[in-house]
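Listed here are the chains, written in short residue letters.
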Amino acid sequence: MAKVIVVTSGKGGVGKTTTTAALGAALARTGQKVCVVDFDVGLRNLDLIMGAERRVVYDLINVVQGDAKLNQALIRDKRLATLSLLPASQTRDKDALTDEGVARVIGELREKFDWVICDSPAGIERGATLAMRHADIAVVVTNPEVSSVRDSDRIIGLLDSKTERAEKGERLEKHLILTRYDPGRAERGEMLKIDDVLEILSIPLLAVIPESEEVLKASNLGSPVTLNAPQSAPARAYADAVRRLKGETVAMTVPAEKRSLLGKLFTRRAA
Amino acid sequence: MTSQTQTRPPIRFRGRSFLAVVLAPEAPIEDWLADLDALARRSPAFFAGRAVILDVTALAPSRDALKDLVAALTEREIPIMGIEGAGSGSLGPGMPPPIHGGRPSGEVAMPGETPAAPIERVTGAKSLMLESPVRSGQAILFPEGDVTVMGSVASGAEVIAGGSIHIYGALRGRAIAGAAGSPGARIFCRKFEPELLAIDGLYRIADDIDPTLRGRAVQVWLEGDAMRTAALD
């Protein structure tokens, strides 16, 4: 039975698209059939992060409106045979998405794949509510920072009221991925600690992704961090998240970058 | 240019209604007056400044008896502004004017007597129980009674209750109690970090809240027009 995941946050720029790509690639590496779907119509980015921007012909809107078949729009990843991308349209806006069309496309994707990961746009409007509408699992991406946490709280409220599962009275699994976390800065009180965020949001923690330059490097290369640098701290954190999503019990640790002895001695240049 | 008559506004008649205390004496009149004296001893100022109507429908006194009664009341410093139910012949010069057409409006509470039951107490008082946290952007509106939240009320969330608000988690949003006009309503929470508190329309923002109470278990209530906060632990 296919599982539909929505990656959402409320606030923009916290790492939804990065997380979608990283989770999708990590799941596909385990042999699962995965499709990542970009719901950010008008501001599409997932194709760039996945390195597929030059292969987009048809998009989600074409399929929703019946102008193209799903198979025509799906882009198979060159590195992983089990990973596909359904890109968003850059020239249209979110009003082009219809309730029935989205329901039909998600239904078709469920038949073809083991996992469907929907990259939600920021905000709480139509695009975001349609992306979460048919989800079985929600992954809420949050930065350790107050505005991101409050927006995530708002999104969790919508997940509990606006999704198909919530309306049917069924349980929607909700998980938290805390991104851009820096243990040192959290310790110094410069960012929220993990416990503070969990206390406010009160949903289970799926992963803590440490702040790392590997993430930006991978994005600019058009390769998910879990493929581009699988041994890096963020990639290991995402890989653990995927094992937890598949039902394994994995001890929660915050992976740190491996540093040389000199790197440990000289952490930062004094101001 | 303008004459005197034009500058003065025309005389206007306005209607206005007042709540009058109606005294309905019962025979024998001496005993009734004794009861009245007992009441006056308990609360000497009860009739001061009140509009008092004398209802003599049940008594149906003669003209002289009515005159004696009014004199007896005037002696007790109870001014009579009108007499209801007296025959047209029994009132004359020097007596209060006749009055009729009054509508009953319930009992006037007597001082010194304990009220039979609290008037606010509604039988089968309603309450709303929420098992899940109230998330940012959600507003809980329950003007019928109390609201109990088993989780937290997030920053940007709002709980509006006609009665009291009980939060068994952290209060980080807005709590508006007594919205149906009950100053006796209170707010209780286990972790006190509110954005705004209000009881019966009197509100206080986070900046005006005692910072030493932050993060503690706290109750909030009204004393007259003042909002009070105190730790519960």
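Residues numbered from 1 in each chain as written. Chains lettered and ligands numbered in written order. Predicted model: local features only at pLDDT ≥ 70, side-chain atom pairs only at ≥ 80, totals over all residues. Heavy atoms only, no water.

Looking at the overall build of chain B
Test applied: Helical segments are the DSSP runs of H or I of at least four residues, strand segments are the runs of E of at least two, and each set is numbered from the N terminus. Buried means the residue's accessible area, taken with a 1.4 Å probe over protein chains only, is under 20% of the maximum for its type, while exposed means over 50%, and partly exposed covers the values in between. Residues count as neighbours in contact if any of their non-hydrogen atoms are within 4.5 Å of one another. The method behind every accessible area is Shrake-Rupley, applied with a 1.4 Å probe, and residues are considered shielded solely by the protein chains displayed.
Counting its regular elements, chain B contains three helices and 14 strands. Burial analysis of chain B (233 residues in total) assigns 33% to the buried set. The contacts in chain B between residues at least 6 apart in sequence include a share of 31% that link residues at least 24 apart. Accessible area for chain B stands at about 14,800 Å²; split by element, carbon and sulfur atoms hold 54% of it.

Thoughts on the overall build of chain A
Check the secondary structure of chain A and you find 14 helices and eight strands. Taking all 271 residues of chain A together, the buried fraction comes to 55%. Once local pairs closer than 6 in sequence are excluded, the contacts in chain A between residues at least 24 apart make up 74%. Roughly 12,700 Å² of accessible area belongs to chain A as shown, and the carbon and sulfur atoms make up 48% of that amount.

A short note on the side chain of Arg172(B)
Our working definition: By the criterion applied in these results, polar contacts are pairs of N or O atoms within 3.5 Å in which, for protein atoms, one can donate a hydrogen and the other can accept it, and in which residues neighboring in sequence qualify only through two side-chain atoms.
Locating Arg172(B) in the fold gives a position in the loop between strand S8 (165-171) and strand S9 (174-177). In terms of polar contacts, Arg172(B) uses its side chain to reach the side chain of Glu193(B), at 3.0 Å. Excluding residues that lie within four positions of it along the chain, Arg172(B) makes contacts with Glu199(A), Ile200(A), Ser152(B), Val153(B), Ala154(B), Ser155(B), Lys191(B), Glu193(B), Pro194(B) and Glu195(B).

Focus: the UniProt feature "binding site: ATP" (unreviewed entry) in chain A
Residue and element names in this part refer to chain A. The condition is simple: UniProt positions are given in the numbering used here, feature names are shortened, and annotations may be inferred rather than shown by experiment.
Look at the UniProt record and you will see "binding site: ATP" (unreviewed entry) annotated at Lys 11, Gly 12, Gly 13, Val 14, Gly 15, Lys 16, Thr 17 and Thr 18. Residue placement: Gly 13 occurs in the loop between strand S1 (3-8) and helix H1 (16-29). Mapped onto the secondary structure, Thr 18 falls in helix H1. When residues no more than four places from it in sequence are discounted, the contact partners of Thr 18 are Val 215, Ser 219 and Tyr 238.

Digging into the sheet that holds S9(B)
Residue and element names in this part refer to chain B. Note the following rule: Here the rule is simple: two strands pair whenever DSSP picks up at least two bridges between them. Throughout, an axis means a line fitted to C-alpha atoms (over the contacting stretch in the case of helices), and angles, computed between N-to-C directions, take values from 0 to 180 degrees.
Taken in spatial order, the five strands make up an open sheet running S5-S7-S9-S11-S12, and their pairing is mixed. This sheet does not close on itself; its edge strands, each paired only once, are strand S5 (139-142) and strand S12 (202-205). Here the average twist between neighbouring strands, direction ignored, is 5°.

Regarding the packing of helix H7 (residues 146-162) of chain A against helix H10 (residues 194-201) of chain A
Residues and elements named next belong to chain A. Where we set the bar: The scheme is simple: roughly parallel for angles under 35 degrees, roughly antiparallel for over 145, roughly perpendicular for 65 to 115, oblique for anything else. Here a crossing is called left-handed whenever its near helix is offset anticlockwise from the far helix by less than a right angle, and right-handed whenever the offset is clockwise.
Packing of H7 against H10 leaves a shortest axis separation of 10 Å and a crossing angle of 30°. Relative to H10, H7 is oriented roughly parallel. For the pair H7 and H10, the crossing hand works out as right-handed. Of the residues in H10, those in contact with Val 149, Ser 152, Asp 153 and Ile 156 of H7 are Val 197, Ile 200 and Leu 201.

Focus: the interface of chain A and chain B
Frequently, the measure chosen for interface size is the accessible area removed from exposure when the parts meet. Going by this rule: Throughout, the accessible surface (probe 1.4 Å) given up by two parts as they are put together, summed over both, is called the buried area. One side-chain nitrogen of Lys or Arg within 4 Å of one carboxyl oxygen of Asp or Glu is enough to make a salt bridge.
Counting from both sides, the interface comprises 10 residues of chain A and, opposite them, 12 residues of chain B. Looking only at chain A, the three residues that lose the most surface to chain B are Arg150(A), Asp153(A) and Glu199(A), adding up to 51% of its buried area. Taken together, the links from chain A to chain B amount to four salt bridges. Lys191(B) is the salt-bridge partner of Glu199(A), the closest N and O atoms lying 2.8 Å from each other. Linking chain A with chain B are seven residue pairs in polar contact (both at pLDDT 80 or more), by the criterion used here.

Brief notes about a negative patch on the surface
All names here are of chain B. Going by this rule: Patch definition: residues with relative accessible area over 30% and no salt bridge; like charges joined within 9 Å; nonpolar side chains (Val, Leu, Ile, Met, Phe, Trp, Tyr) joined within 5 Å. Positive charges come from Lys and Arg, negative ones from Asp and Glu, while His and the chain ends are left out of the count. Throughout, a charge is located at the NZ atom of Lys, the CZ atom of Arg, the CG atom of Asp or the CD atom of Glu.
Together, Glu 26, Glu 30, Asp 31 and Asp 35 make up a negatively charged patch on the protein surface. Within the secondary structure layout, Asp 31 lies in helix H2 (residues 29-42). For Asp 31, a relative accessible area of 48% corresponds to the partly exposed category.

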